[in-house]
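# Reading the structure
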Amino acid sequence: MTTIDRTVLVTGGAGFIGTNFIRHVLETRPDWHVVNLDWLTYAGNNKNFKSLPADWGERYTFVHGNICDSQLLETLFTRYRFDGIFHFAAESHVDRSITSPEAFIETNVLGTFRLLEASLNMWERGGRPNDFRFLHVSTDEVYGSLGEEGYFSEETAYDPSSPYSASKAGSDHLAKAYHRTFGLPVLVTNCSNNYGPYQFPEKLIPLMILNIVEQKPLPVYGDGHNVRDWLYVIDHCSALLHVFEKGRLGETYNIGGNSERRNIDVVRLLCDIVDKRLERCGDDVSQNLITFVKDRPGHDRRYAIDAGKLRQELGWQPHYQFEDALKETVNWYLDHPDWINDVRSGEYRQWIEKNYSKR
Ligand code: NAD
Ligand code: TDX
């Protein structure tokens, strides 16, 4: 029997980062019980938690539900009286926010509001416990686009470009307002692009890995010179725990990987890694599949994070090196064909057709 010291709610825990985060917490925090509330949209996959080690299983509870459902939240908050909340649930894909923005407003803005309301009610009813924390997980995209120079700091003005980043910006403002107005113990993190296992193959890195394996065209938007600051997902998870356990209330912390890369360079590197692993050479090299396609509207040119505050105040820095962790990520996708077949449902095929057929 495990002794439970803390019960935390993770929203969106069946998605990419949430799955890695829950697995990381069950491994590193043996006295935590995790309740995962997930609506299981196309991006959520409950099979990520099948066959957990026995002592993990008894510390993990899955609840199928929507963060916009106030009644469900009330029932859950009354039942578990959470010691903390890690709020990941979101619509997360920029391209989908361009074709179908409404779900982004629903989940990212309204859902975050409903979750804040439920948290505030529970926190007030419990006598405003000192050690409760609401950690709102957000993105560097709220800051808009950088030119060739400079970095996003916590003081950079918000300037979102897409319906996705605008909806995340709205949710960040709500979370901070609940701290300033009501005193709710809120923390906000803004993180750069993640990569690693369990990422849905609509995002650049897993999409390219799967297309390279199947020798399909590799659709690079625009000139491929857009820059992202890549962070291995487990580094993001460890940063979130640092902020949750040591962060100053009401503060924002930027999280980044010090790994700025142009998209075209990431795609070329993926071609080399996959080709090597599959022992392809000569005329078969996958770089031949690179196809420049019509750009994403409002495409941010460059993201780069200054994570100095997190390093200096809380002693966190990334552990994984981009090229090494990218190889591990490729290995994970090549070693998990069942997971890939599972997530590439009819809905996935429709998305690929919708986003790429007319580019
Ligand atoms: P994801 O799309 O892989 O997963 C989102 C999860 O949320 C899915 O399991 C989905 O079923 C669930 N969900 C969606 N709507 C819901 C609702 N209404 N109620 C309950 N659950 C719902 O996303 P991700 O890449 O894991 O991102 C997680 C969080 O981290 C998001 O808030 C995102 O903005 C943020 N973030 C992501 C990145 C990145 O590179 N992926 C970087 C910085 C920040
Ligand atoms: O087919 C593609 N071709 C291409 O050139 C896709 C899917 C993407 N791209 C480019 C667009 C971006 O410059 O690659 C870069 C990365 O694209 P995405 O993987 O869609 O990520 P991005 O738009 O940068 O947003 C991601 O990081 C921040 C996550 O999806 C967000 O949830 C997170 O907040």
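Look up a bit, the structure's there.
Residues numbered from 1 in each chain as written. Chains lettered and ligands numbered in written order. Predicted model: local features only at pLDDT ≥ 70, side-chain atom pairs only at ≥ 80, totals over all residues. Heavy atoms only, no water.

### Section: the side chain of Arg-302
Applied cut-off: Where helices and strands are cited, they refer to DSSP runs of H or I of at least four residues and of E of at least two residues respectively, numbered from the N terminus. Here a polar contact is recorded for every N or O atom pair within 3.5 Å, except that within protein the pair must consist of a potential hydrogen donor and a potential acceptor, and residues adjacent in sequence are included only if both atoms are side-chain atoms. Residue contacts are counted whenever heavy atoms from the two residues lie within 4.5 Å of one another.
Secondary-structure assignment places Arg-302 in the loop between strand S13 (290-293) and helix H10 (308-314). In terms of polar contacts, Arg-302 uses its side chain to reach the backbone carbonyl oxygen of Gly-147, at 2.9 Å. Within polar-contact distance, the side chain of Arg-302 engages the backbone oxygen of Glu-149 at 3.1 Å. Apart from the residues lying within four places of it in its own chain, the contact partners of Arg-302 are Ser-145, Leu-146, Gly-147, Glu-148, Glu-149, Gly-150, Tyr-151, Phe-152, Val-227, Arg-228 and Glu-260.

### Considering the site of ligand 2
So the rule is basically this: The criterion for a residue being near a molecule or strand is simple. One of its heavy atoms has to lie within 4 Å of it. Here the term charged refers only to Asp, Glu, Lys and Arg, the term nonpolar to Ala, Val, Leu, Ile, Met, Phe, Trp, Tyr, Cys and Pro, and the term polar to all other amino acids, Gly among them.
Close to ligand 2 lie 20 residues, the nearest being Glu-141, Tyr-164, Arg-296, His-299 and Tyr-356. Every element with two or more residues in the shell around ligand 2 is listed here: helix H7 (204-213) and strand S8 (218-221). In terms of residue count, S8 provides more of the shell around ligand 2 than any other element does, 3 residues in total. Grouping the constituent residues of the shell around ligand 2 by class yields 8 nonpolar, 7 polar and 5 charged.

### Some remarks on the site of ligand 1
Spelled out, the test is: Every accessible area reported is derived by Shrake-Rupley at a probe size of 1.4 Å, with residue values counting cover from the shown protein chains alone.
Around ligand 1 sit 28 residues in total, of which Ile-17, Asp-38, Ser-92, Tyr-164 and Lys-168 are the nearest. Leu-40 places a polar main-chain atom, nitrogen or oxygen, 3.4 Å from an oxygen atom of ligand 1. Asn-194 places a main-chain nitrogen or oxygen 2.8 Å from an oxygen atom of ligand 1. Summarising the interface, the protein chains cover 96% of the accessible area of ligand 1, which totals 850 Å² for the free molecule. For the shell around ligand 1, the secondary-structure elements that each account for two or more residues are helix H1 (16-28), strand S5 (133-139) and helix H6 (163-182). With 3 residues, S5 is the largest single contributor of residues to the shell around ligand 1.

### Considerations on the packing of aromatic side chains
Test applied: Centres within 6.5 Å are what make two rings of Phe, Tyr or Trp a pair, Trp counting through its six-membered ring; a difference in plane orientation under 30 degrees is then read as stacked, over 60 as edge-to-face, and the rest as tilted. Residue burial is assigned from relative accessible area. The probe radius is 1.4 Å, only protein chains are included, and a residue is buried under 20% of its type maximum, exposed over 50%, and partly exposed in between. Charge-over-ring placement is defined geometrically: NZ (Lys) or CZ (Arg) within 6 Å of the ring centre, and within 35 degrees of the ring normal.
For the coordinates displayed, the defined rule picks out 25 aromatic pairs. Between the aromatic rings of Tyr-198 and Trp-332, the centroid separation amounts to 4.8 Å while the plane-to-plane angle is 50 degrees, which identifies the pairing as tilted. Taken together, the positions of Tyr-198 in the loop between strand S7 (194-195) and H7 and Trp-332 in helix H11 (residues 322-335) put the pair 134 residues apart, joining distant regions of the chain. Both residues of the pair, Tyr-198 and Trp-332, count as buried. Here the aromatic residues Phe-21, Trp-32, Phe-86, Phe-88 and Phe-244 are joined through ring pairs into a cluster of three or more. Sitting above the plane of the Tyr-253 ring, Lys-309 keeps its charged end 4.8 Å from the centroid.

### What to know about the pairing of S5
Looking along a regular strand, one sees the side chains alternate between the two faces of the sheet. Definition in use: In this scheme, strands are said to pair when DSSP sees at least two bridges between them. When the strands point away from the viewer and the path from the first strand over the helix to the second turns clockwise, the crossover is right-handed.
Counting buried residues along S5, 7 of its 7 residues qualify, which places the element largely inside the surrounding structure. Here S5 shows two buried faces, one formed by Arg-133, Leu-135, Val-137 and Thr-139 and the other by Phe-134, His-136 and Ser-138. As paired elements, S5 and strand S6 (residues 186-191) share 6 bridges and run parallel to each other. Of the residues in S6, the one forming a bridge with His-136 is Val-188. This β-α-β element, S5 to H6 to S6, shows right-handed connectivity.

### Side note on the sheet that holds S6
What counts is decided by this rule: Lines fitted to C-alpha atoms define the axes here, with helix axes fitted over just the stretch in contact, and angles between the N-to-C directions of these axes take values from 0 to 180 degrees.
Strand order in the open sheet formed by 7 strands is S3-S2-S1-S4-S5-S6-S11, and the pairing between neighbours is parallel. Sheet topology places strand S3 (60-64) and strand S11 (252-255) at the edges, where each strand pairs with a single neighbour. Sheet twist, expressed as the mean angle between neighbouring strand axes with direction ignored, is 20 degrees. Sheet topology note: the strand S2 (residues 32-38)/S3 ladder contains 5 bridges and is parallel. The residue of S3 that forms the bridge with Asp-38 is His-64.

### Let's talk about the packing of helix H5 (residues 102-125) against H6
Note the following rule: What sets the label is the angle itself: under 35 degrees gives roughly parallel, over 145 gives roughly antiparallel, 65 to 115 gives roughly perpendicular, and the rest give oblique. Handedness of a crossing follows from how the near helix is turned relative to the far one, being left-handed for an anticlockwise turn of less than a right angle and right-handed for a clockwise one.
Where H5 meets H6, the axes come as close as 8 Å, and the angle between the chain directions of the two elements is 15 degrees. Put simply, H5 runs roughly parallel to H6. Read as a crossing pair, H5 and H6 show a hand that is right-handed. Touching Phe-104, Ile-105, Asn-108, Val-109, Thr-112, Phe-113, Leu-116, Glu-117, Leu-120 and Trp-123 of H5 are Tyr-164, Ser-167, Lys-168, Ser-171, Leu-174, Ala-175, Tyr-178 and Phe-182, all from H6.

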